[in-house]
Amino acid sequence: MLKRVEGEGIEFIRLQFIDVFGVLKSVNVTTDELEDALDGNLMFDGSSIDGLARINESDQCLVPDLDTLQIMPWRPKDRGVARMICDVYSPDGTPFVGCSRYILKRTLKEAEEMGLELNMGPEGEFFLFHTDEKGNPTFNIHDKAGYFDLAPMDNGEDARRDIVLTMKEMGFSIEASHHEVAPGQHEIDFKYDEALRTADKWVTFRDVVKNIASNHKLYATFMPKPFAGENGSAMHCNQSLFKNGVNTFYDKNGECQLSETALYYVGGLLKHAKGMTALVNPIVNSYKRLKPGYEAPIHIAWSNSNRSTLIRIPCRRGKATRVEYRSPDPVANPYLTFAVMLKAGLDGIKNKIAPPPSVEEDVYNLTAKQRAALDLEYLPRDLYSALKEMEKDPLIKETIGSHCYSKFLEAKYKEWHQYSEQVHQWELKNYLRKY
């Protein structure tokens, strides 16, 4: 590692990790300090990071994962900059229980003990805004283009191209990139990978998008729903379980060519959907996206290819057979998101939780009578309801541990109460003169 850093002219290394809420954190070291950092001797104040540690147990250390070294192509080539993703450890040399990456590793270990490996392929959506003279975002959307539109209607084409080229330099295999449905909205999809590597890539993807957009004098946001009346941004999670290199979700003789394992996995996801929602849709704005008519799920149901349900089974089969979970949005912590989805799916497999019949109708347009006949349940409608559902589901606490569980609930209830006490412009417009 030290020889590689020297050979490639790297002078600075950013040691990165994310907090409980999915926000990227970083500390820079020079090559002179790298060997000490690789030995796990880089200490920091964990109590200063949201949700990480209490003041009386604040000393934590970062342990870089050697496999994650990547040069940051948008930084100067001379005395270049690289990044490494880290696990957080306690001073006694044990993994810190509040480290999101460790939580995913622990859950993946459970699957590994069953002979299973989780592959994950998230879809990355974001918006581009113009910036002011200080580089701050303005509420001035970058274009008025729509789905699959081209330049000159798609003003983000150049920025999106440079994002893709940068990602390729960093080892990503890009499957597609295009303008999305809403004005100023874009999507970039990279090839699926083992879940831990995918979570690391997702963290890097968000970092690349923001930095390259800034180079184009634009501001990229992963906020789920910037505009009322338009589609929001999602992180659709395509997932499959492999055993000895074989996709366990595929059975050419099964119903819809799905195996019992796939159906039980879906059953587990549906069972724990309400409890998972606060983690996969973690901010107040997340629930502005989960409304009828915008390709976002509101009902707990599954289907073959129907995009109005929570879970969709894309049409490809064989090795590409996968389950697409459609509610997560791109501000979610990817490590915790992948961990709870896997844990829910494994619960379905272990306990043979069969899903209800698939729903192939457009659930947005069902009559009340049709909806009642299908006995469809709703996802939580706001952050407060989601937090309450999270508290009802013991699998969530079991997955993320009591530390993250309590820190997340405490912070998110505070966020909800701060939001609910605000008087919004809509209220002034509709109530001030009327009453």
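Residues numbered from 1 in each chain as written. Predicted model: local features only at pLDDT ≥ 70, side-chain atom pairs only at ≥ 80, totals over all residues. Heavy atoms only, no water.

## A few points about the overall build of the protein chain
Phase 1: Per the secondary structure count, the protein chain includes 13 helices and 19 strands.
Phase 2: The C-alpha radius of gyration of the protein chain comes to 22 Å, within 12% of the 22 Å expected for a compact globule of 435 residues.
Phase 3: Dimensions of the protein chain, computed from C-alpha atoms along their principal axes, come out at roughly 70 × 60 × 45 Å.
Phase 4: Sequence separation of at least 24 residues holds for 70% of the intrachain contacts in the protein chain that already meet a minimum separation of 6. (Helix = DSSP H or I, 4+ residues; strand = E, 2+ residues; numbered from the N terminus. Rg over C-alpha atoms; globule rule 2.2 N^0.38 Å. Contact = heavy atoms within 4.5 Å.)

## A few points about the packing of aromatic side chains
Phase 1: Summed over all chains, the structure comprises 17 aromatic pairs.
Phase 2: Between the aromatic rings of F126 and F222, the centroid separation amounts to 5.8 Å while the plane-to-plane angle is 55°, which identifies the pairing as tilted. Placement of F126 in strand β7 (residues 117-131) and of F222 in the loop between β12 (218-221) and β13 (237-243) is noted, with a sequence separation of 96 residues between them. Each member of the pair, F126 together with F222, is buried.
Phase 3: Here the aromatic residues F126, F172, F190, W202, F205 and F222 are joined through ring pairs into a cluster of three or more.
Phase 4: Sitting over the face of the ring of F172, K201 holds its NZ or CZ atom 6.0 Å from the ring centroid.
Phase 5: Above the plane of the ring of Y378 lies R381, whose end atom (NZ or CZ) is 5.3 Å from the centre. (Phe/Tyr/Trp six-rings, centres within 6.5 Å; stacked < 30°, edge-to-face > 60°. Buried < 20%, exposed > 50% of the residue type's maximum accessible area, 1.4 Å probe, protein only. Lys NZ or Arg CZ within 6 Å of the ring centre and 35° of its normal.)

## Looking at the environment of T138
Phase 1: Position of T138 among the secondary structure elements: in strand β8 (residues 137-141).
Phase 2: Residue class for T138 comes out partly exposed when judged on its relative accessible area of 26%.
Phase 3: With 81 residues separating them in the primary sequence, T138 and Y219 have C-alpha atoms 8.4 Å apart.
Phase 4: Not counting residues within four places of it along the chain, the set of residues in contact with T138 comprises F129, H130, T131 and D132.

## Section: the pattern of salt bridges
Phase 1: The full count for this structure, using the stated rule, is 20 salt bridges.
Phase 2: Note that K271 is salt-bridged to D347, the shortest N-O span being 3.6 Å. Taken as a pair, K271 in helix α6 (residues 260-271) and D347 in helix α9 (residues 334-350) lie far apart in primary sequence, 76 residues in all.
Phase 3: Residue D347 is classed as buried on the basis of its relative accessible area, which comes to 14%.
Phase 4: It is possible to trace a salt-bridge network through shared partners that takes in D65, D87, R101, K105 and D200. (Salt bridge = Lys/Arg side-chain N within 4 Å of Asp/Glu carboxyl O.)

## A few points about a nonpolar patch on the surface
Phase 1: A grouping of V423, L428 and L432 is seen on the molecular surface, where their side chains present a nonpolar patch of about 300 Å² in accessible area.
Phase 2: Mapped onto the elements, L428 comes out in helix α13 (residues 425-431). (Patch = residues over 30% accessible without salt bridge, like charges linked within 9 Å, V, L, I, M, F, W, Y side chains within 5 Å. Areas by Shrake-Rupley, 256 points an atom, 1.4 Å probe, with all protein chains shown as cover.)

## Some details on helix α4 (residues 157-169)
Since one α-helical turn is 3.6 residues long, residues separated by three or four positions face the same way.
Phase 1: For α4, spanning 13 residues, the distance from its first C-alpha to its last is 18 Å, which sits close to the expected 18 Å at 1.5 Å a residue.
Phase 2: A159, R160, I163, V164, T166 and M167 are the residues of α4 that are buried. Buried residues of α4, viewed axially, fall in a sector of 165°; they line one side. Across α4 from its buried face, at more than 90 degrees, point the exposed residues K168 and E169.
Phase 3: Following α4 by one or two positions, G171 has its phi on the positive side, about 95°. (Expected span 1.5 Å × (residues − 1). Arc of directions from axis to C-beta.)

## Describing unusual backbone geometry
Phase 1: One non-glycine residue, E295, lies in positive phi territory at about 60°.
Phase 2: You can see E295 is positioned in the loop between α8 (286-289) and β15 (299-300).

## Digging into the packing of α6 against α9
Phase 1: The interhelical angle for the contact between α6 and α9, taken along N-to-C directions, is 120°, at an axis separation of 6 Å. Taken together, the axes of α6 and α9 lie oblique to each other. Crossing of α6 against α9: the hand is right-handed. Of the residues in α9, those touching α6 at T261, Y264, Y265, G268, L269 and K271 are M341, L342, A344, G345, L346, D347, G348 and I349.
Phase 2: Its residues placed into classes, the contact of α6 with α9 shows eight nonpolar, four polar and two charged. (Axes fitted to C-alpha atoms, helices over the stretch in contact; angles between N-to-C directions. Parallel < 35°, antiparallel > 145°, perpendicular 65-115°, else oblique. Left-handed = near helix turned anticlockwise from the far one by under 90°. Nonpolar A, V, L, I, M, F, W, Y, C, P; charged D, E, K, R; others polar.)

## Some words on the environment of R312
Phase 1: By secondary structure assignment, the location of R312 is in strand β17 (residues 311-313).
Phase 2: Separated by 10 residues in sequence, R312 and W302 have C-alpha atoms that sit 5.8 Å apart.
Phase 3: Separated by 2.5 Å, the side chains of R312 and E324 make a polar contact. (Polar contact = N/O pair within 3.5 Å; in protein donor to acceptor, adjacent residues only side chain to side chain.)

## Considering the packing of α4 against helix α5 (residues 195-215)
Phase 1: Running from amino to carboxyl end, α4 crosses α5 at an angle of 135°, the nearest separation of the two axes being 9 Å. Considering the angle they form, α4 stands oblique to α5. Along this stretch, α4 crosses α5, giving a crossing that reads as right-handed. Two secondary-structure elements touch here, α4 through A159, D162, I163, T166 and M167 and α5 through F205, V208, V209 and I212.

## Concerning helix α11 (residues 383-392)
Phase 1: Taken together, the buried positions of α11 are L383, A386, L387, E389 and M390. Each buried residue of α11 sits inside an arc of 160° when the element is viewed along its axis, so together they form one side.
Phase 2: Those residues of α11 that are buried are in contact with α7 (273-280), α8 and α12 (394-420).

## Examining the side chain of D193
Phase 1: Tracing the backbone through its elements, the reader meets D193 in strand β11 (residues 193-194).
Phase 2: Among residues more than four places away in sequence, those in contact with D193 are L118, N119, M120, T198 and K201.

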